[in-house]
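Results of the structural survey
This is what each chain is made of:
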Amino acid sequence: MLDYKKVNNLTGWLVFLVATTVYILTVEETASFWDPGEFIAVSYKLQVPHPPGAPFFLLIYRMFGFLAMGDGLAVAYWMNVGSAVFSGLTILFLFWSITLFGRKLFNIKKGFESKGETITLMGAGIIGSLVYTFTDSFWFSAVEAEVYAMSSFFTAIVIWAFLKWDVIEDPRDENRWMIFIAYLVGLSIGVHLLNLVTLPALALVYYFKKYQNPNLKGGIIALILGGIALIIINNLIIPGLPSLAGSIEIFFVNSIGLPFGSGIVVFSALFLGSLIYGILYSIKKEKVVLNTILVSLTFILIGYGSYAMIVVRANQDPVINENAPKDIISYVSYLKREQYGYRPLLYGQYFDAELVDQKEGSPIYLKGKDKYEVVDYSTTNVYDPKRSTILPRIYSTQDRHKQLYRSKLGLRESEKPTFADNIYFMFSHQLGHMYWRYFMWNFSGRESDFSDAPWLGISDFFSDKFPDYIKENKAHNNYLMLPLILGLIGLIFQAKNDPKSFYITVMLFFMMGVVLVLYLNSPPVEPRERDYIYVGSFYAFAIWIGIGVMALAHWIAKLNKNLAVAGIIATLVTFPIPVLVANQNWDDHNRQGRFFSVDSARNFLSSCAPNAILFTGGDNDTFPLWYVQEVEGFRTDVRVVVLSYFDTDWYVEQMARPVHESEALPFSLDYKNFKKGTNDVLYVVDREGLDAISANEYLKLVKNESSLLKLQTSGRASYNMVPSRNLILDVNLQNVFNQGLIPDGMETLMTDQINLRVKGNYLTKGNLMLIDLITSNDWERPIYFNNTSLATIGIDIEEYVVMEGLTYRMLPVRKPQGLRTELVNTDLAYSNIMEKFAFRGMDDPNNYFDDEFRRFTSNHRSAINSVVIALLDEDDLDRAADLLKFSMEVMPDEAIPYDLASGQSVPLLFEVGEDDLALDIIEKISHRSVQMLEFYTRTNRDYDREAMISIEMLRFFVPLLDERGYNELSEKLKMELEIVLGPSVRGGGTINPK
């Protein structure tokens, strides 16, 4: 007879070994795009990441970083391996959870497991856990240093621990496991809050065990109590305790006059004293339930204690110190993620609702010299109640979102949305597009990695409708719906034979899926696909996949009367399913050989002069830069400034300190001028007869808090204004020229005045500080902008920047009218691109480059085009040709398909005499474009941005070919356009070659 415990343990660890090996083999070798760059940098030096932080994650991943043995270039790899290990452990606990559910399903008593039952449960655990191992969303997070791998581990171990608790009979052991679970929940708070969503479902485990005759009413009460536990931890313990401590602190300091920290000491003593008293009281009075609750709360708080690291490290002023949560007030704001704004959940406005009032709320405090000072008041927007609704789903007042709401709902510009539209959007977009599409990606198939790609079914596998560009996409994966079908079999089988466990599993599935969707209340567009958020729901479905194998074994055993053989057959029959999923997903989840996320960051920094100041946008504009500077130590003389953070006092303070080899940024304004609540917004009020004002003089008025700038308001807050949108910066040209700052050939473009013109109706604090920096710097340090920051700053300086590679340097020169591209320092830009830029692995067709990589590739191609245009304007055809050919060599079509930027290089290739290369680009782009348009037309798919670009590129190529005498190819493109779109599209396009 097989020893079930040994077999179960050994098989589980074998599955762990398989999963972990797969993840390590496919792990990214450096920092990925998006958050991993930030998390690796802050883990490496225990810095402070974006709210609400992940302190326990940072501590653990710092230890994985030690495995690099001091090699900064290997740190990212070992932290990514950390995610691989935690993901493998997730699979281990999934396996054991499936076998625990199987024991309940077959009502197997401990120590009485038959050979057939053991084989069946092992087979079910193997299939269910391996399918999940290779699923699209989970594999994605398993190979990069992000919080989701470790968060999944905590979710898995808590579910497993509850299932283990369920089979324990000794009440003392039960309590020990309950306390262990509480500790795990507390630790998980220091990673991610997803784990808390499982609590309502796990409350059912408790209810079904403790009550022999469960009913609907009791089940609902259990769910409600689980929800209350979730609310207590998420709303009361995590932000609530620090908020209460903050209120007491303010009272003790401001009202009683005690020193800073006295309120915290008193609160801590009262709270801990009450907790200890409660535990001692429960022991003395033998109140077991109360004791268990209080001890569990204690262990949750012990786990939650990892957050002390955030405050400790923030007070050490590390380089990355987001929100600078140094004291209780800023710490509470950090925990509450206040910087991300508010999304209405149960009641709120429609997107077309008018703002009718703003109510002033509670005071906002900031730590002052002797007490906590009121720096502002919270405000609540009040919208037209006639245009408000319960369960608001179409709520955003951003203009872009309004347009998208109307487009998705088919509403005319003046048409008012209804509650039916609101619910339709919830089901069609939030649940349909942003959840069920992701669900089907993982268990049915995915068309591609292009934006908003749909899922695939069985019929799609046998269909010839897909063009080559989709079939050749590495993320074109089809599982013939087999994982879905097997999971549905398991769902039905569990519902019929073990309804209690079914209710638990279904609650896990919905709480971490549908309920999470409703809670997040997504806007109509996100920066990227969000499938990784819902891996907990997919984890629950994987349990049903395992139970599906048990169902097959059960049915086969009815025929052959031998469960052991039936279990083997069921396992062998279903084993091709995880093999199929692994085979389909391997090429688009194997991240070996990918370095461009880091190389692109190096290229940005390499485009800057020594001791430069570089303004960037957020996320992918910044996180890779933080990584290469903080971990790899590359170009730490460059000060990276995140434009969106520049609107905060804490960030400006940080910029006013030296970091690494970078000196402090020069500001003329004092802390009192940019502290929280001061000069957050400065409205433009054009004074009659005042066409412009000196930027220097305006800054002096701001610094001196001049009454000339004050605006009268109805509330207690005061605002400053800008008396003219034209802020003039005078330039000492002789001094600038003597420093050698003006590129050769641009002497005639020098200007002694720069107009820092305000674009909109107000300046934000960040734009005010940018004006201060530009003015106070007086050309001592180079100031650069990347594309994003240059386009989003609130002042118009695009005429005064010179491109030097990927970055734009502000200089006292003015772009002349009629120039077909921006000003370019051609010598410097050429040498930067050819000698300093890195493109590792970008020429390898076997590497997988997803949409984010392709976007950054397009940025590089576009930048090279700009330099080429400038070289052509200088009649430097040789270097222009060299750059174009270099671009095609390091980023060939075979590895990174030609895109819009490649199409824009066609006339440039013609201009330098490289007709064959130009025709090759036209042929490849037009082939894919025609395929795309035919596919969209044949499948009645709406034209998206990519399709519209394809149309414009085809129209753009036609006159170029006519001009060069390639009439046959031109006529071919015209005919193909007519066939797809009709005769009205024969005309030429107007795409700018930049």
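This text goes with the structure placed above it.
Throughout what follows, the structure given in this document is the object of discussion. Owing to the predicted nature of the structure, the values given are computational and were not obtained by experimental measurement. (Residues numbered from 1 in each chain as written. Predicted model: local features only at pLDDT ≥ 70, side-chain atom pairs only at ≥ 80, totals over all residues. Heavy atoms only, no water.)

1. Quick word on the overall build of the chain
Helix and strand counts for the chain come out as 41 helices and 21 strands. At 31 Å, the chain has a C-alpha radius of gyration in line with the 30 Å of a compact globule built from 994 residues. Counting only C-alpha atoms and orienting by the principal axes, one finds that the chain spans roughly 90 × 85 × 65 Å. Within the chain, the fraction of its 994 residues that count as buried is 57%. For the chain, the proportion of contacts with a sequence separation of at least 24, taken over those separated by at least 6, is 74%. When the accessible surface of the chain is totalled, it reaches about 42,000 Å², and 57% of it is carbon and sulfur. The average position of the 88 basic charges and that of the 111 acidic charges among the side chains of the chain differ by 11 Å. (Helix = DSSP H or I, 4+ residues; strand = E, 2+ residues; numbered from the N terminus. Rg over C-alpha atoms; globule rule 2.2 N^0.38 Å. Buried < 20%, exposed > 50% of the residue type's maximum accessible area, 1.4 Å probe, protein only. Contact = heavy atoms within 4.5 Å. Areas by Shrake-Rupley, 256 points an atom, 1.4 Å probe, with all protein chains shown as cover. Lys, Arg positive; Asp, Glu negative; His and termini not counted. Charge placed at Lys NZ, Arg CZ, Asp CG, Glu CD.)

2. Quick look at empty space enclosed by the protein
Evaluated as defined, the whole model comprises three cavities of 30 Å³ or more. For the lining of the largest cavity, the elements supplying multiple residues, two or more each, are helix 35 (851–873), helix 36 (877–890) and helix 37 (900–904). Within the lining of the largest cavity, the residues separate by chemical class into six nonpolar, four polar and one charged. Within this model, the second largest cavity holds a volume of roughly 60 Å³. Looking at the second largest cavity, the residues that line it are L741, N777, W779, R781, P782, I783, R809, M810 and L811. Of the residues belonging to the lining of the second largest cavity, the class tally is six nonpolar, one polar and two charged. (1 Å grid on protein atoms, 1.4 Å probe; cavity = no way out; pocket = protein on both sides within 12 Å on 5 of 7 lines; lining within 4 Å. Points joined across faces, edges and corners; volume = space filled by probe spheres on them. Nonpolar A, V, L, I, M, F, W, Y, C, P; charged D, E, K, R; others polar.)

3. Some points on the sheet that holds strand 14 (residues 753–755)
The strand order across the open sheet built from three strands is 10-13-14, with neighbouring strands paired in mixed fashion. Single-partner strands in this sheet number two, and they are strand 10 (693–694) and strand 14. Sheet topology note: the strand 13 (residues 727–730)/strand 14 ladder contains three bridges and is antiparallel. Bridging across to strand 14, L729 finds its partner in I754. (Pairing = 2+ DSSP bridges.)

4. Focus on the environment of A68
The topology assignment puts A68 in the loop between helix 3 (55–66) and helix 4 (75–105). In this structure A68 comes out as buried when scored by relative accessible area, which is 7%. Separated by eleven residues in sequence, A68 and M79 have C-alpha atoms that sit 9.1 Å apart.

5. Points about the packing of helix 5 (residues 115–133) against helix 25 (residues 576–589)
For any two helices packed against each other, the geometry is given by the interaxial angle and the distance between the axes. Across the interface, helix 5 lies against helix 25 with an axial gap of 9 Å and an inter-helix angle of 10 degrees. The angle between the axes of helix 5 and helix 25 places the two elements in the roughly parallel class. Contacts between helix 5 and helix 25 involve I127, L130 and V131 from the first element and I577, P578 and V581 from the second. Looking at side-chain class alone, the contact of helix 5 with helix 25 contains six nonpolar, no polar and no charged residues. (Axes fitted to C-alpha atoms, helices over the stretch in contact; angles between N-to-C directions. Parallel < 35°, antiparallel > 145°, perpendicular 65-115°, else oblique.)

6. Concerning helix 27 (residues 623–630)
Burial analysis of helix 27 places eight of its eight residues in the buried class, the great majority of the element. As for helix 27, its buried residues are in contact with helix 2 (36–45), helix 4, helix 26 (596–606), strand 7 (613–616) and strand 8 (639–642).

7. Comments concerning the nonpolar core
Ranked by size, the top nonpolar core spans 305 residues in total, and within it Y23, F615, F646, L727 and L756 carry the most contacts. At 17 residues, the largest contribution of residues to this core is made by helix 4. Ignoring any residue separated from it by four or fewer positions in sequence, one finds L727 in contact with I693, A695, Y698, V722, I754, N755, L756, V758, L763 and I771. In terms of nonpolar packing, the next biggest core, distinct from the first, is built from eight residues, Y350, F351, Y395 and L409 among them. (Core = buried A, V, L, I, M, F, W, Y, C linked by side-chain atoms within 4.5 Å.)

8. Thoughts on the pairing of strand 12 (residues 719–722)
As defined by bridge partners, strand 9 (residues 681–684) adjoins strand 12 across three bridges and the pair is classed as parallel. When the sheet's bridge partners are listed, Y683 is paired in strand 12 with M721. Across two bridges, strand 11 (residues 710–711) lies against strand 12 in antiparallel orientation. Of the residues in strand 12, the one forming a bridge with L711 is Y719.

9. Some thoughts on the pattern of salt bridges
Evaluated as defined, the whole model comprises 47 salt bridges. With a shortest N-O distance of 3.3 Å, D899 and R861 are connected by a salt bridge. Taken together, the residues D899 in the loop between helix 36 and helix 37 and R861 in helix 35 connect sequence positions 38 residues apart. We note that D899, like R861, is buried. (Salt bridge = Lys/Arg side-chain N within 4 Å of Asp/Glu carboxyl O.)

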